[in-house]
Amino acid sequence: MASGHASVNYMGVVVMGYSLCVPSRAGDELAQEKLTQYRAMRDFDVTAEPAGGSPAAGGGHFVVQRHRARRLHYDFRLEVDGVLASWAVPRGPSLDPGQRRLAVRAEDHPLGYFAFEGVIPAHEYGGGDVIVWDWGTYRASDDTPDAAQAVDAGEFKFELEGEKLHGAFVLVRTAGFGRYRARPDGSRAKWLLIHRRDDDAVPGWDAEDEPYSVKSGRTNDEVATRRRGRRTARPL
Ligand code: MN
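Residues numbered from 1 in each chain as written. Predicted model: local features only at pLDDT ≥ 70, side-chain atom pairs only at ≥ 80, totals over all residues. Heavy atoms only, no water.

> Describe in detail the environment of Gly128, supporting the description with residues and values.
As for its position among the elements, Gly128 is in strand E8 (residues 128–140). For the pair Gly128 and Leu72, spaced 56 residues apart in the sequence, the C-alpha separation amounts to 9.2 Å. With residues up to four places along the chain from it excluded, the contact list for Gly128 reads Arg68, Ala69, Gly118, Val119 and Ile120. (Helix = DSSP H or I, 4+ residues; strand = E, 2+ residues; numbered from the N terminus. Contact = heavy atoms within 4.5 Å.)

> Requested: an account of the nonpolar core, with residues and values cited.
Counting 31 residues, the largest nonpolar core has Phe76, Leu78, Phe158 and Leu165 as its most contacted members. Mapped by element, the contributors of at least two residues to this core are strand E3 (61–68), strand E4 (72–80), strand E5 (83–89), E8, helix H3 (147–153), strand E9 (155–162), strand E10 (166–173) and strand E11 (190–195). Once residues lying within four places of it in the same chain are set aside, the contact partners of Leu165 are Phe62, Val64, Phe76, Pro93, Leu95, Trp133, Asp134, Leu160 and Trp205. One finds Leu111, Phe116, Ile120 and Trp135 within the second-largest nonpolar core, a separate group that totals 12 residues. (Core = buried A, V, L, I, M, F, W, Y, C linked by side-chain atoms within 4.5 Å. Buried < 20%, exposed > 50% of the residue type's maximum accessible area, 1.4 Å probe, protein only.)

> Go over the coordination of the manganese ion, please, and point to the residues and values.
Within the protein, His67 (ND1), His73 (NE2), Asp75 (OD) and Asp75 (OD) serve as the donor atoms for the manganese ion, at 2.1 to 2.8 Å. Between the donor residues of the manganese ion, the gaps in sequence give the motif H-x5-H-x1-D. (Donors = N, O, S within 2.8 Å, 3.2 Å for Na, K, Ca; no water.)

> I'd love a proper account of the layout of surface pockets, names of residues and values included.
Its boundaries defined by the atoms lining it, the largest pocket holds a volume of some 1,000 Å³. If you go around the largest pocket, you meet 33 residues; those closest to its centre are Arg70, His73, Ala88, Tyr125 and Arg188. Counting residues per element, the ones that place at least two in the lining of the largest pocket are E4, E5 and strand E6 (100–109). With five residues, E6 is the single largest residue contributor to the lining of the largest pocket. Class assignment for the residues of the lining of the largest pocket results in 12 nonpolar, nine polar and 12 charged. Its volume calculated, the second largest pocket comes out at about 410 Å³. Contributing to the lining of the second largest pocket are 19 residues, with Lys34, Arg105, Asp108, Asp152 and Asp185 lying nearest its centre. When residues of the lining of the second largest pocket are traced back to their parent elements, those giving at least two are helix H1 (26–34), helix H2 (36–40), E5, E6 and H3. (1 Å grid on protein atoms, 1.4 Å probe; cavity = no way out; pocket = protein on both sides within 12 Å on 5 of 7 lines; lining within 4 Å. Points joined across faces, edges and corners; volume = space filled by probe spheres on them. Nonpolar A, V, L, I, M, F, W, Y, C, P; charged D, E, K, R; others polar.)

> Please set out H1 residue by residue, giving values where relevant.
Every buried residue of H1 is listed here: Gly27, Asp28 and Ala31. Buried residues of H1, seen end-on, are gathered within an arc of 100° and therefore sit on one face of the element. (Arc of directions from axis to C-beta.)

> Could you give an account of the packing of aromatic side chains, with specific residues and numbers?
Throughout the structure, instances matching the rule amount to 13 aromatic pairs. For the pair Tyr38 and Phe44, a centre-to-centre distance of 5.9 Å together with 35° between the ring planes defines the contact as tilted. On the accessibility criterion, Tyr38 (0% relative accessible area) is buried. Between the aromatic rings of Tyr138 and Phe156, the centroid separation amounts to 5.9 Å while the plane-to-plane angle is 90°, which identifies the pairing as edge-to-face. Residue Tyr138 is found in strand E8, and its partner Phe156 is found in strand E9; the two are separated by 18 residues along the sequence. For Tyr138, a relative accessible area of 13% translates into the label buried. In textbook terms, an aromatic cluster arises when at least three aromatic residues are bridged by ring pairs, as seen for Phe62, Phe76, Tyr138, Phe156, Phe158 and Phe169. Above the face of the Trp87 ring, Arg105 is positioned so that its terminal group lies 4.8 Å from the ring centre. (Phe/Tyr/Trp six-rings, centres within 6.5 Å; stacked < 30°, edge-to-face > 60°. Lys NZ or Arg CZ within 6 Å of the ring centre and 35° of its normal.)

Here it is as structure tokens:
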């Protein structure tokens, strides 16, 4: 872990007939490359958003941030290949399998974004307030065991273990509709986020009924006005 990033991979290499296990820079470089667009879109002297960083060890994290920017949306992020693969979900995730929620692919975010909660200055990209609406871990389903490969292929099945979100979900890329076209890097592609039918499914469940941060107990309003929340957040 020379770099402090959680994304360093290890691979066996053979040198002079000896098999060694050395840290590979390849995984970390891939993550840095994936963050080029994220960094280009932001001025880190102005925004409090992180340029990099990593969440707790162990991998397989997910986070959902409720973000009141020009338009309210929820940012759904899965830790994949050393970055947070991200989708903007206008109406938020639902535990109701009848709700097929639009999820627009966004630029990969650094792992340090996992716990980001705060105010993005009004004139910056994404200006508005952000709370950590839910967080936890995910497990790839047996159908799609390799998250990176599945996301590239446009269909990923996984189970969430969060504070609010539980159970089996699928993210599936659509052929596209509406006025935005996907960019060559895949951003702005339209996906659907759907809870699969299982014991954790809750018909009628709506994200807007659960407005508190799992990190601080605050609402977006309380973050925006820098007020202390009245509720006690549960530790991850
Ligand atoms: Mn956002």
